[in-house]
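# Residue-level structure breakdown
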Amino acid sequence: MKKLLTLALLLLAAPLALLAADAPKKVIAITGGRLLTVSHGVIENGVLLLADGKIAAVGEAGKVKVPVGAEIVDARGLTVYPGLIDPETNFGLIEIASDQNSSDLAEPSDEIMPHMHVYDAFHSETELIPVARLNGITNAVVAPATDDTIAGQDIFIQLAGADRDAMILGRDVALAMNYGADQRRRGGRGGHSSFPSTRMGLITQLRQTLIDAQDYMAKRDAAAAKKDEKPEITKKDEGKKDDAKPETKKEEKPSKRDLKLEALIPYLKGERPVVIGVYEGYDVETIMGLAQEFHLKVILDHVTHSQQILDKIAAYKVPVIVGSIYDAPRGNERYDAVYTLPAELAKRGVKIAICSADGGGPVSSHSSRNLPYAAGFAVAYGLPYDEALKAITQNVADMFGFGDKLGSLDVGKTANVVLANGDPLDVRTDVKQVYIQGVAVPMVTRQTKLRDQYSK
Amino acid sequence: MHTPSPLRLIPHAAPLLACAALACASFTARAQQPADLVFKNATVMTASHGTIEHGSVWVHAGKIAGVGATVSAPASATVIDATGLWLTPGIIDPHSHSALDNDVNEATSPVTPSMMMIDAFDNRDKALYQALAGGVTTELLLHGSANMIGGQAVVIKNKVGLDRDAMLFPNAPRSIKFASGENPKRVYGGRDQLPSTRMGNFEVMRQAFEDAKEYMAGWDAYNAKVAKNDSSAVSPKRDLKLEALADVLRGKIYVQIHCYRADEFLTEEAIAHEYGYKIRAFHHALEMYKVGAKIAPEQTAIATFADWWGYKDEAWDAIPWNAVMSMRQGVKVALKSDSNDHIRRLNQEAGKMVHYGGATEDEAIRMVTLNPAWIIGVDDRTGSIDVGKDADLVLWNHDPLSTYARAQKVYIDGDLFFDVSLPGLGTTHFSGVMDGDSESRDDGRNDEGEGQ
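Anyway, here's the lowdown on the structure attached to this text. Here the residue numbers are simple positions, counted from 1 along each chain's written sequence. Working convention: letters from A go to chains and numbers from 1 go to ligands, in the order in which they are written. Side-chain atom pairs in this predicted model are given and counted only at pLDDT of 80 or more, local residue features only at pLDDT of at least 70, and totals for whole chains, interfaces and linings cover all residues.

## Quick look at the interface of chain B and chain A
Quick reminder of the rule: Residues are defined as contacting one another if the C-beta atoms placed from their backbone atoms lie within 7 Å. The secondary structure listing takes helices from DSSP runs of H or I that are at least 4 residues long and strands from runs of E that are at least 2 residues long, numbered from the N terminus. Amino acids outside the nonpolar list (Ala, Val, Leu, Ile, Met, Phe, Trp, Tyr, Cys, Pro) and the charged list (Asp, Glu, Lys, Arg) are all regarded as polar, and Gly is one of them.
Taken together, the contact between chain B and chain A spans 41 residues of the former and 38 residues of the latter. Looking at the side of chain B that touches chain A, the elements with two or more residues in it are helix 2 (126-132), helix 7 (288-295) and helix 9 (346-355) of chain B. Here the residues of the side of chain B that touches chain A sort into 16 nonpolar, 12 polar and 13 charged.

## Topic: the environment of A:Ser98
Note the threshold: Remark: C-beta atoms are placed from the backbone, and a residue is labelled buried if 20 or more other C-beta atoms sit within 10 Å of its own, exposed if 12 or fewer do, or partly exposed between those counts.
With respect to the secondary-structure elements, A:Ser98 resides in the loop between strand 6 (84-89) and helix 2 (128-133). With 17 C-beta atoms packed within 10 Å, A:Ser98 lands in the partly exposed category. Contacts of A:Ser98, omitting those with residues within four sequence positions, involve B:Tyr311 and B:Lys312.

## Considerations on the sheet that holds strand 12 (residues 274-280) of chain A
Across a sheet, paired strands are connected by hydrogen bonds in the backbone, their directions being either parallel or antiparallel. Residue and element names in this part refer to chain A. Quick note on the threshold: Strands qualify as paired when DSSP identifies two bridges or more between them. For helices, the fitted line uses only the C-alpha atoms of the stretch in contact; every axis is such a line through C-alpha atoms, and the angle between N-to-C directions lies from 0 to 180 degrees.
Read from one edge of the open sheet, 6 strands run 8-11-12-13-14-15, paired in mixed fashion. Of all the strands in the sheet, the pair left with one neighbour each is strand 8 (150-153) and strand 15 (352-354). Across the sheet, the mean angle from the axis of one strand to that of its neighbour is 25°, orientation sign disregarded. Where strand 12 lies against strand 13 (residues 298-305), 6 bridges are found, and the strand directions are parallel. Opposite Val-278, over in strand 13, you have His-302 as the bridge partner. Together, strand 12 and strand 13 form the strand contacts of helix 8 (residues 281-293), whose direction differs from that of strand 12 by roughly 150°.

## A few points about the packing of helix 6 (residues 262-275) of chain B against helix 7 of chain B
Residue and element names in this part refer to chain B. Filter applied, for reference: Angular relationships are summarised with four words: roughly parallel below 35 degrees, roughly antiparallel beyond 145, roughly perpendicular across 65 to 115, and oblique for the angles in between. Whether a crossing is left-handed or right-handed is set by the direction in which the near helix is turned from the far one by less than a right angle, anticlockwise for left-handed and clockwise for right-handed.
Where helix 6 meets helix 7, the closest approach of the two axes is 8 Å, and the angle between their N-to-C directions is 30°. Taken together, the axes of helix 6 and helix 7 lie roughly parallel to each other. Along this stretch, helix 6 crosses helix 7, giving a crossing that reads as right-handed. Across from Ala-262, Phe-265, Leu-266 and Glu-269 in helix 6, the residues of helix 7 making contact are Met-288, Lys-290, Val-291 and Ile-295. Classifying every residue of the contact of helix 6 with helix 7 gives 6 nonpolar, no polar and 2 charged.

## Considerations on the environment of A:Asp258
Structurally, A:Asp258 is set in the loop between helix 6 (246-252) and helix 7 (259-268). The spacing of A:Asp258 and A:Val64 is 194 residues in sequence and 55 Å in space, taken between C-alpha atoms.

## What about the nonpolar core?
All names here are of chain A. Here is the rule: Only buried residues count toward a nonpolar core: Ala, Val, Leu, Ile, Met, Phe, Trp, Tyr and Cys, linked into one set through C-beta atoms within 7 Å.
Residues Leu-48, Ile-354 and Ala-375 are the most contacted members of the largest nonpolar core, which totals 269 residues. With 8 residues, the single largest contributor to this core is helix 11 (residues 371-380). Beyond its immediate sequence surroundings of up to four residues, Ala-375 is in contact with Ile-354, Ala-388, Leu-389, Ala-391, Ile-392 and Leu-425.

## Structural notes on the sheet that holds strand 6 of chain A
Residue and element names in this part refer to chain A. Read from one edge to the other, the open sheet built from 4 strands follows the order 6-7-9-10, with strand pairing classed as mixed. The strands lining the two open edges of the sheet, one partner per strand, are strand 6 and strand 10 (168-170). Within the sheet, the average angular offset between the axes of one strand and its neighbour, ignoring direction, is 30°. Pairing between strand 7 (residues 137-142) and strand 9 (residues 155-158): 4 bridges, direction antiparallel.

## Brief notes about the pairing of strand 16 (residues 417-420) of chain A
Residue and element names in this part refer to chain A. Burial along strand 16 is two-sided: Val-417 and Leu-419 facing one way and Val-418 and Ala-420 facing the other are all buried. Direction of pairing for strand 5 (residues 79-82) relative to strand 16: antiparallel, over a ladder of 4 bridges. Looking at the pairing, Pro-82 lines up with Val-417 of strand 16. Pairing of strand 16 with strand 17 (residues 431-436) involves 4 bridges; the strand directions are antiparallel. When the bridges of strand 17 are listed, Val-417 appears paired with Tyr-435.

Take a look at the structure:
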């Protein structure tokens, strides 16, 4: 009798525990599913334990002990895999694509805008996030649009959280750089027609900016070194003060901070990656030359029309975000010249990520929910399945510094887990449940509400 | 650096030269096509009567001559072993703006019904080839949506490499493109012209049909007099614009309407009733799930996106369940591309309907074959694997509704136009360099309401 009572109390308490804002203390055991671990193969009939927002255990049924009192989620017939990560989105920077009022995509007033921080604009309540989440996207990089040579700094987000700050896992995780025809100020979309209007101009401007930033960094370092010898400086300063010359007085003051140049310092030091959006092979060679000159830590992005230099790209030993895989090939190219790009890069040992963008236009995060299908399409055109899955999970996490926390079903990692009724990369597959930080996310969006409203 | 190959100027040259090397006596592309062709042991998705596992399809003289577990083809027939492959009807796109070189909107007046799409059709555009490689055999090339009444469409068979006229779908019904909502509002409102609101939208249409009615009455009176040998009969002036609208009122042209919102479907149907024409299909129709039961009795179909949304206000209530929900309410549903990108993988868009709303595979494949054929008015000739129909067929290496399917061979009228195993482009009737790089990223997008 006592036992039954305890059980009843436990059952009553269970839903309350789930309502708690923090990661639940309760253990969730996802049992009987087909686990795609990403890091160590497929486990048929597996068990996955989630506790304290993390993955507590993963293994074959019978080999993982399910603790008493754990909430059992029956995943028989389902495929279980780590949350997908979209390496390039505009989440929270635009709501309705045609509505400029909803756009914080780019600051096109100047080409060099490293001091634009996506976290200042990120609208975490955007409807786009739940829509993507419903298809198993749990994390993403948010980048500004590509109008500028240096567009700003990216954030790395989680697609659920109590508020904006809870959703931003990393601020200024990467510098968004672009190089090619789109950035020329040629009377394009922005109505500009000014310097730099050629690739020569773009590169010269970029090189000057990086040199300025190097000089700024050197001055700052020198000033910091001087500060360490404080007594002497104070003496000198006092002496100069007595002269009461305003010009020299200026020099003595700590130099004014230059936010633009300051923003570039971590990237000049190679501490964080620079994501370089570039399409044409010859543009890749130019920008990589510049990147090597300044020892930047590069992630190449797109390389859509670089088929002729893939060996060279492999020799750079930098990771590549491929996409849109749906961009059209040139008129003299076979129809699958871009579809095969992920496979061709992976074959050469390049670490790749795949992004969700549609072909032929700017990134549209409305299509982020189609991320797994882009990866599946790469499989159709020769990419090994395991590589495709990595390209939207572990590889993305690695590129942006979250490889130890996200991207696979491994003990200790954040419990971002997806349950679906089949192959995650197939368009026919329906995602049944998404867990973020070990919490079952409500499978509800504005769109499901409309569906249900008109299904009555 | 690249010297243009002389082959570029002569699309037929490749098979021709190959033939010459073999010292053929006579050769045309068509002559290589066998009189009888049999696909054996395929998973045949007929689109009209389910899927036949280990099925056969017999093609004779460009038409489907047999389909089933076995077919009674002559022993001389060329046999294609399709073990492990899928065979479907050719994919049909009922809403494409490919190969029009941005000549899709004569956006100088909101009513331009006499603009003929065929006059802009550039049959050398690479978008056609890329669509062919995705299994697309028929397209309805439509005007854009800048105008309330844009003009008359052209139906093509995607016979890449043949000359322009050989690519036209023979005797296809005429279609005319209407549009309402944000695009005409933006285009004309931006110039402080009528229409800058939906009120203006529909008034412009009513006025156009009032003009057409008067014009038609003038001709009817004249023809009546002529019939009575009345020597006082004076022929009214022929007006191309009003003649086209009169043909709409006479029921001679299918009306294809670009619109998004539930209220617009109701308004469009009301105007159609008022003036006595029928609407063949609403295009985009992203809110049909809200009023499908009301529209179903009108027998107006929809050509919609699988899951595009949020690109403008009137696409804000778009849900990926729209197609299946509308179908369950009795509306005939097709999926369409409206894009040189999506046209290459409409089979996947159909696959998404299994996911969003639980369409059967049969229902899903129909959304990109038989149903768009009906919208265009060619469903009696293509769109399914049935005896007597044109042999427009695609052989796939995987289930075409999956992400993994690649078209292996594409046949139109029984003739092979694409074969993935061939080197180069994989085309059988074309070699050289395609046109159409003008739409590269350097140009940005045309935003006169070309697409969407």
